[in-house]
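Residue-level structural notes
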Amino acid sequence: MECEECHERPATLHLTKVVNGEKNEIHVCEHCAKEKGYIDYDEEAYSIHDLLAGLFNYEATFSKGHQFSDKQKRGLSCPKCGMTYRQFTQIGKFGCASCYEAFANHLNPIFRRVHSGNITHDGKIPNRQGKYLKKKQLIQDYKSKLQRLIENEQFEEAAVMRDKIKALEKNSSENNKDGEL
């Protein structure tokens, strides 16, 4: 949506005024909003772009237990489009699909911040596939718990977890034979 005042820049400020039950909506760019007096702050203020850029400029970027130096981050670039990691953190968008692979080791901390601590986006599950996908996710969770139990040498609890996994997998394979899932 373009600015209603200058018709040159995208509208980034959307105001709704209700006066005597009459609703008026205004869609303007930041520049026109300052000129018209809709917003009043100095140039040092925090914009939406700054907020989004702040999400991507996560300093504690860890991968497999070690921290990447600024020099390593600056040297990263996408082989297809040439975008650097520094450009990505400033813009907040990738240049192409290959950027995901090029910057893969640096994305998990960003995903954790954006997705409230998670690195995957689960989304909604359709009802007809829900039972199968939930069971598959439960099996995956149990397998990761089993791995942690084995690493901590808690073998009795690991055996119980292993049996739960086998029971779920057996139940899933029987349902597949019956044509349910």
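Residues numbered from 1 in each chain as written. Predicted model: local features only at pLDDT ≥ 70, side-chain atom pairs only at ≥ 80, totals over all residues. Heavy atoms only, no water.

Regarding the environment of Cys6
Looking at the element boundaries, Cys6 is found in the segment before strand E1 (13-19). When neighbours within four sequence positions are excluded, Cys6 is seen to be in contact with Cys29 and Cys32. (Helix = DSSP H or I, 4+ residues; strand = E, 2+ residues; numbered from the N terminus. Contact = heavy atoms within 4.5 Å.)

Let's talk about the packing of aromatic side chains
Scanning the entire structure with this criterion turns up six aromatic pairs. Taking 6.0 Å as the distance between ring centres and 20° as the angle between the ring planes, the aromatic pair formed by Phe94 and Phe103 counts as stacked. We classify Phe94 as partly exposed; its relative accessible area is 22%. Phe103 sits in the buried class, given a relative accessible area of 0%. Through successive ring pairs, a cluster of aromatic residues spans Tyr85, Phe88, Phe94, Tyr100 and Phe103. (Phe/Tyr/Trp six-rings, centres within 6.5 Å; stacked < 30°, edge-to-face > 60°. Buried < 20%, exposed > 50% of the residue type's maximum accessible area, 1.4 Å probe, protein only.)

Describing unusual backbone geometry
Comment: phi is negative for the bulk of residues other than glycine, and the bulk of peptide bonds are trans. Located in the positive-phi region is His7, a residue other than glycine, with phi close to 55°. With respect to the element layout, His7 can be found in the segment before E1. Although it is not a glycine, Asn20 sits at a positive phi angle of roughly 50°. As for its placement among the helices and strands, Asn20 is situated in the loop between E1 and strand E2 (22-28). In this structure Asn20 comes out as exposed when scored by relative accessible area, which is 81%.

Here's the deal with the side chain of His27
The topology assignment puts His27 in strand E2. With relative accessibility at 13%, the residue His27 sits in the buried group. Side-chain polar atoms of His27 contact the side chain of His14, separated by 2.6 Å. Ignoring sequence-local partners within four residues, the contact set of His27 consists of Met1, Glu2, Cys3, Glu4, Ala11, Leu13 and His14. (Polar contact = N/O pair within 3.5 Å; in protein donor to acceptor, adjacent residues only side chain to side chain.)

Describing the environment of Lys17
Topologically, Lys17 is positioned in strand E1. Taking the relative accessible area as the measure of exposure, Lys17 reaches 44% and is therefore partly exposed. Contact partners of Lys17, with chain neighbours within four places excluded, come to Glu22, Lys23, Asn24 and Ile26.

Concerning the confidence of the model for the protein chain
With 70% of its residues at a pLDDT of 70 or more, the protein chain shows a mean pLDDT of 76. When pLDDT is averaged over each element of the protein chain, E2 comes out on top at 88 and strand E3 (residues 62-63) at the bottom at 36. Predicted confidence for residues 58-72 stays below pLDDT 50, and this span has 25 contacts to residues more than four positions away or in other chains. (pLDDT = per-residue confidence, 0-100.)

What about the pairing of E2?
When E1 meets E2, the two strands line up antiparallel, connected through seven bridges. Within E2, the position partnered with Val19 by the bridge is Glu22. Hairpin remark: E1 followed by E2, antiparallel, with two residues in the connecting loop; positive phi at Asn20, about 50°. (Pairing = 2+ DSSP bridges.)

A look at the pattern of salt bridges
With the rule as written, the count across this model stands at six salt bridges. The shortest N-O distance in the salt bridge between Arg9 and Glu8 comes to 3.9 Å. A salt bridge links Glu25 to Lys23, with the shortest nitrogen-to-oxygen separation between them at 3.5 Å. (Salt bridge = Lys/Arg side-chain N within 4 Å of Asp/Glu carboxyl O.)

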